[in-house]
Amino acid sequence: MAIDPFGPGSVTGARTTASSSMSQLSEDYESFITLLTAQIQNQDPLEPMDSTTFISQLAQLSQVEQSVAVNDNLEGISGQLSSMSAIGGLNLIGKNVVAPSDEVALQEGHAIAGYRLAADAASVSVSIKSADGTLLRRYDDLDRSAGTLHSLSWDGLDYEGLPLPSGRYSLEIRAEDAAGNVVPGQTYAASTVRSMTYENGLATLHLANGKTTSAGLIEEVW
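Quick look at the structure, then. Predicted model only: the values in this text are computed from it and were never measured.

1. Focus on the layout of surface pockets
Here's step 1: Taken as a whole, the largest pocket spans an internal volume of roughly 220 Å³.
Here's step 2: Around the largest pocket, the lining residues are N96, V104, A105, Q107, H110, A111, I112, A190, S191, T192, A208 and W222.
Here's step 3: Only β2 (103-106), β3 (111-117) and β8 (185-199) provide two or more residues apiece to the lining of the largest pocket.
Here's step 4: No other element matches β8, which puts 3 residues into the lining of the largest pocket.
Here's step 5: Residue classes in the lining of the largest pocket are distributed as 7 nonpolar, 5 polar and no charged.

The structure is reproduced here in structure tokens:
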């Protein structure tokens, strides 16, 4: 996999907009000075022009110039941070990670999943289903506390204790409070980082379970 060092997320690419704006501002500044000089040279000595307006315009041009310079610096910093993110993503290739996912990959009779609740719940269950929605296994009476990433290890067996083939299976969480109201939850799954793409300053990790995620969403690495 190759990453274009001069792509839209690079330092060079990030500074293009600001550099173009600075170039245009320089042309406008020179045109203004030329026009101002010509008007002063051709003014009526008996009715000299009021210089207040010109001074105000010069001040505005100066402020715009400073703003463009600040944007240039910020874009440069943003490009450097994006490059650092890409390097960090490359270091994850080949490693196992835990990230948000509604699918889990079963390999050699083992899979690691997890979930996180938005609020404390009275009941929590996680279902494992086939691609066509058939319920294969369900874990009930799980940890009901909010905030923490709770892990769940699946032995690859269905309800009847029969082993299922390796592949991808869907995850579904159901959590309710004491009043029977749904408590929002997010499922997670462990998978291997296969590759990375880098577009528009963002690094996207491609996982073995067919999902994609950003490095910032990863919970665990090993």
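Once you've had a look at it, read on.
2. Observations regarding the side chain of E103
Here's step 1: With respect to the helices, strands and loops of the structure, E103 is situated in strand β2.
Here's step 2: Residues within four places of E103 in sequence aside, it is in contact with R168, Y169, S170, L171, A189, N209 and K211.

3. Considering the nonpolar core
Here's step 1: Ranked by internal contacts, the top residues of the largest apolar core, which has 22 residues, are V104, V124, W154 and Y169.
Here's step 2: Each residue touching Y169, except ones within four places of it in the same chain, is listed here: D102, E103, V104, L106, I128, K129, S130, L136, W154 and L164.
Here's step 3: Counting 9 residues, the second largest nonpolar core, distinct from the first, contains V97, V193, M196 and L205.

4. Quick word on the packing of aromatic side chains
Here's step 1: Going through the model one piece at a time under the given rule, you end up with 1 aromatic pair.
Here's step 2: On the basis of an interplanar angle of 85° and a centroid distance of 5.3 Å, the ring pair of W154 and Y169 is categorised as edge-to-face. Of this pair, W154 sits in strand β6 (residues 150-154) while Y169 sits in strand β7 (residues 167-176); the two residues are 15 residues apart in sequence, bridging distant segments of the chain. Each of the two residues, W154 as well as Y169, counts as buried.

5. Some details on empty space enclosed by the protein
Here's step 1: Scanning all chains against the criterion turns up 1 cavity of 30 Å³ or more.
Here's step 2: One number sums up the size of the largest cavity: a volume of about 40 Å³.
Here's step 3: V104, A111, I112, A113, I128, L152, S153, W154 and L171 are the residues that line the largest cavity.
Here's step 4: Only β3 and β6 provide two or more residues apiece to the lining of the largest cavity.
Here's step 5: Residues of the lining of the largest cavity, tallied by class, amount to 8 nonpolar, 1 polar and no charged.

6. Concerning the pattern of salt bridges
A side chain of one charge can pair with a side chain of the opposite charge when the charged atoms of the two come close.
Here's step 1: Counted under the stated rule, the structure contains 7 salt bridges.
Here's step 2: Ionic pairing is found between D102 and K211, a salt bridge with its closest N-O pair at 3.0 Å. With a gap of 109 residues between them, D102 in the loop between β1 (96-100) and β2 and K211 in the loop between β9 (202-207) and β10 (212-214) connect regions that are remote in the sequence.
Here's step 3: Classification of D102 by relative accessible area gives partly exposed; the value is 41%.
Here's step 4: Residue R168 is joined to E103 by a salt bridge in which the shortest nitrogen-to-oxygen separation is 3.3 Å. Pair noted here: R168 is in strand β7 and E103 is in strand β2, with a separation of 65 residues, a long-range link.

7. Topic: the sheet that holds β7
Each strand in a sheet pairs with another by means of backbone hydrogen bonds, the pair being arranged parallel or else antiparallel.
Here's step 1: With respect to topology, 4 strands assemble into an open sheet ordered β2-β7-β4-β5, the strand pairing being antiparallel. Each of the sheet's edge strands pairs with one partner strand only, and the pair in question is β2 and β5 (135-139). Taking each pair of neighbouring strands and ignoring which way they run, the sheet shows an average axis angle of 30°.
Here's step 2: Where β2 lies against β7, 4 bridges are found, and the strand directions are antiparallel.

8. Some points on the environment of Y115
Here's step 1: Tracing the chain through its elements places Y115 in strand β3.
Here's step 2: Between the C-alpha atoms of Y115 and S101, which are 14 residues apart in sequence, the distance is 9.5 Å.
Here's step 3: With sequence-adjacent residues up to four places away left out, Y115 is seen in contact with V124, V126, L142, D143, T148, L149, H150, I173, Q186, T187 and Y188.
Here's step 4: Reaching out from Y115, the side chain makes a polar contact with the backbone oxygen of D143 at a distance of 2.7 Å.

Procedures and definitions
- Residues numbered from 1 in each chain as written.
- Predicted model: local features only at pLDDT ≥ 70, side-chain atom pairs only at ≥ 80, totals over all residues.
- Heavy atoms only, no water.
- 1 Å grid on protein atoms, 1.4 Å probe; cavity = no way out; pocket = protein on both sides within 12 Å on 5 of 7 lines; lining within 4 Å.
- Points joined across faces, edges and corners; volume = space filled by probe spheres on them.
- Helix = DSSP H or I, 4+ residues; strand = E, 2+ residues; numbered from the N terminus.
- Nonpolar A, V, L, I, M, F, W, Y, C, P; charged D, E, K, R; others polar.
- Contact = heavy atoms within 4.5 Å.
- Core = buried A, V, L, I, M, F, W, Y, C linked by side-chain atoms within 4.5 Å.
- Buried < 20%, exposed > 50% of the residue type's maximum accessible area, 1.4 Å probe, protein only.
- Phe/Tyr/Trp six-rings, centres within 6.5 Å; stacked < 30°, edge-to-face > 60°.
- Salt bridge = Lys/Arg side-chain N within 4 Å of Asp/Glu carboxyl O.
- Pairing = 2+ DSSP bridges.
- Axes fitted to C-alpha atoms, helices over the stretch in contact; angles between N-to-C directions.
- Polar contact = N/O pair within 3.5 Å; in protein donor to acceptor, adjacent residues only side chain to side chain.

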